[in-house]
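For reference, the chains in residue letters:
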Amino acid sequence: MYSSESINAKRRRKACAALLIMEPMESRHPLDPLIAAADRALRALFAPAHASRPVPGNPPETPASAAPTGAENAAAHTPALAENDRRESAALMRVNHAGEVAAQALYHGQALVSRSTTTRDLLLKAAREEADHLAWCETRLKELGSRPSLLNPLWYLGSFAIGALAAATGDRTSLGFVVETEKQVEGHLDEHLARLPTDDTRSRAILNVMRTDEIGHGAAAKMAGASELPAPVRVLMRHAARVMTTAAYWI
Ligand SMILES: [Fe+2]
Ligand SMILES: [Fe+2]
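Residues numbered from 1 in each chain as written. Chains lettered and ligands numbered in written order. Predicted model: local features only at pLDDT ≥ 70, side-chain atom pairs only at ≥ 80, totals over all residues. Heavy atoms only, no water.

**Student:** Give me the overall build of the protein chain: which residues, what numbers.
**Tutor:** Helix and strand counts for the protein chain stand at nine helices and zero strands. Within the protein chain, the proportion of its 251 residues that are buried is 44%. Residue pairs at least 24 apart in sequence account for 84% of intrachain contacts in the protein chain once pairs closer than 6 positions are excluded. Split by element, the accessible area of the protein chain, about 12,900 Å² in all, is 64% carbon and sulfur. (Helix = DSSP H or I, 4+ residues; strand = E, 2+ residues; numbered from the N terminus. Buried < 20%, exposed > 50% of the residue type's maximum accessible area, 1.4 Å probe, protein only. Contact = heavy atoms within 4.5 Å. Areas by Shrake-Rupley, 256 points an atom, 1.4 Å probe, with all protein chains shown as cover.)

**Student:** Give me the lowdown on the coordination of the iron ion (ligand 2), citing residues and values where you can.
**Tutor:** In this structure, E130 (OE), E182 (OE), E182 (OE), E214 (OE) and H217 (ND1) serve as the protein donors to the iron ion (ligand 2), at separations of 1.8 to 2.8 Å. Each donor residue of the iron ion (ligand 2) belongs to the same chain, and together they define the spacing E-x51-E-x31-E-x2-H. Here the iron ion (ligand 2) and the iron ion (ligand 1) are spaced 4.0 Å apart, and both take E130 as a donor. Of this pair, E130 sits in helix α5 (residues 117–143) while E214 sits in helix α8 (residues 201–223), and the two are 84 residues apart along the sequence. Note on accessibility: E130 and E214 belong to one class, buried. (Donors = N, O, S within 2.8 Å, 3.2 Å for Na, K, Ca; no water.)

**Student:** Any details on the coordination of the iron ion (ligand 1)? Residues and values, ideally.
**Tutor:** Surrounding the iron ion (ligand 1) are the protein donor atoms E100 (OE), E100 (OE), E130 (OE), H133 (ND1) and E214 (OE), which sit 1.9 to 2.4 Å from the metal. Since its relative accessible area comes to 1%, E214 is described here as buried.

**Student:** Residue-level account of the pattern of salt bridges, with values.
**Tutor:** Throughout the structure, instances matching the rule amount to 14 salt bridges. With a closest N to O distance of 2.9 Å, R86 and E83 form a salt bridge. Of this pair, R86 and E83 both sit in helix α4 (residues 83–113), three residues apart, roughly one helical turn. On the basis of relative accessibility, which here comes to 43%, the residue E83 falls in the partly exposed class. For the salt bridge of E143 with R202, the shortest nitrogen-to-oxygen distance reads 2.6 Å. (Salt bridge = Lys/Arg side-chain N within 4 Å of Asp/Glu carboxyl O.)

**Student:** I'd love a proper account of α5, names of residues and values included.
**Tutor:** When the terminal C-alpha atoms of α5 are compared, their 39 Å separation across 27 residues agrees well with the 39 Å that a helix rising 1.5 Å per residue should span. Positive phi shows up at G145, right after α5, with a value of about 70 degrees. (Expected span 1.5 Å × (residues − 1).)

**Student:** Residue-level account of the environment of V113, with values.
**Tutor:** Turning to its location among the elements, V113 is positioned in helix α4. Sequence separation between V113 and A166 is 53 residues, and the spatial gap between their C-alpha atoms is 8.9 Å. Among residues more than four places away in sequence, those in contact with V113 are A164, A167 and A168.

**Student:** Break down the packing of helix α7 (residues 171–195) against α8 for me, citing the residues and quoting the values.
**Tutor:** Remark: α7 packs on α8, axes separated minimally by 8 Å, with the N-to-C direction vectors making an angle of 160 degrees. As summarised for this structure, α7 and α8 are arranged roughly antiparallel, according to the angle between their axes. Between α7 and α8 the crossing geometry is left-handed. In this structure, α7 uses L175, V178, V179, E182, V185, E186, L189, D190, H192 and L193 to contact α8, whose residues at the interface are R204, L207, N208, M210, R211, E214, I215, H217, G218, A221 and K222. Of the residues that constitute the contact of α7 with α8, the class distribution is ten nonpolar, four polar and seven charged. (Axes fitted to C-alpha atoms, helices over the stretch in contact; angles between N-to-C directions. Parallel < 35°, antiparallel > 145°, perpendicular 65-115°, else oblique. Left-handed = near helix turned anticlockwise from the far one by under 90°. Nonpolar A, V, L, I, M, F, W, Y, C, P; charged D, E, K, R; others polar.)

**Student:** Would you mind going over the environment of L141 in detail, with residue names and values included?
**Tutor:** Following the sequence through the fold, L141 ends up in helix α5. For L141, a relative accessible area of 1% puts it in the buried group. Spatially, the C-alpha atoms of L141 and L92 are 9.5 Å apart, while their sequence positions differ by 49 residues.

**Student:** Lay out the confidence of the model for the protein chain with the relevant residues and their values.
**Tutor:** The predicted coordinates of low-pLDDT regions are not to be read in fine detail. Confidence along the protein chain averages 77 in pLDDT terms, with 71% of residues attaining 70 or more. α8 holds the highest mean pLDDT among the elements of the protein chain, 94, whereas helix α1 (residues 4–18) holds the lowest, 46. This model gives residues 12–25 a pLDDT under 50, and the stretch forms 24 contacts once residues within four places in sequence are excluded. Below pLDDT 50 for its whole length, residues 59–72 participates in eight contacts with residues either more than four positions away or in separate chains. (pLDDT = per-residue confidence, 0-100.)

In structure tokens:
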């Protein structure tokens, strides 16, 4: 006799197989290490994570270079999470990691096509901070025993093309694209801060600093002369972001 939980788990596995996707890394499938290695190699190519600032949540007196990493760090600085909470935190941080891959790609695509040096410098400065966010999310994912989205190369390439396209219409529109993107990211982070398990103070600290940075990116673009995007474009951006965040939660 199967419990309703195991029947549900079987149904879920079947649904995932039908969509030719694997379940999140908790599947413990024998191919998981291989897929994770391929994913790491692709991310090293498309969206390397370089932290210039220590991961938020470390003790202030700990210098970045001396900060412990991995599970040791999580154990030292966060209370142990219940299994359900760990899985939920991991899924949310995977979404945030995918978002940072996309953010870097947007800025790189925009910087490549931007007309003025001032705009390019502003975009590349923001991209460097996005690389910090990417590294922090990656560290946290490891601490949570999880891995990034398998679709990261797709997010990077798609976002790079969108960024270049937005910048091709002119610097003011490109900056308007930054303002709208960062506004939507702020809303998304607010949603995740509300959904994160209460005990996951480490992920919360990371998201709070990211949120402050994203607000700064939007404000800088506004100051630099951003024009407001038409409403249909803003709606389209919202839908595209929803597709990415929903897919990255699972894959
Ligand atoms: Fe970011
Ligand atoms: Fe940002």
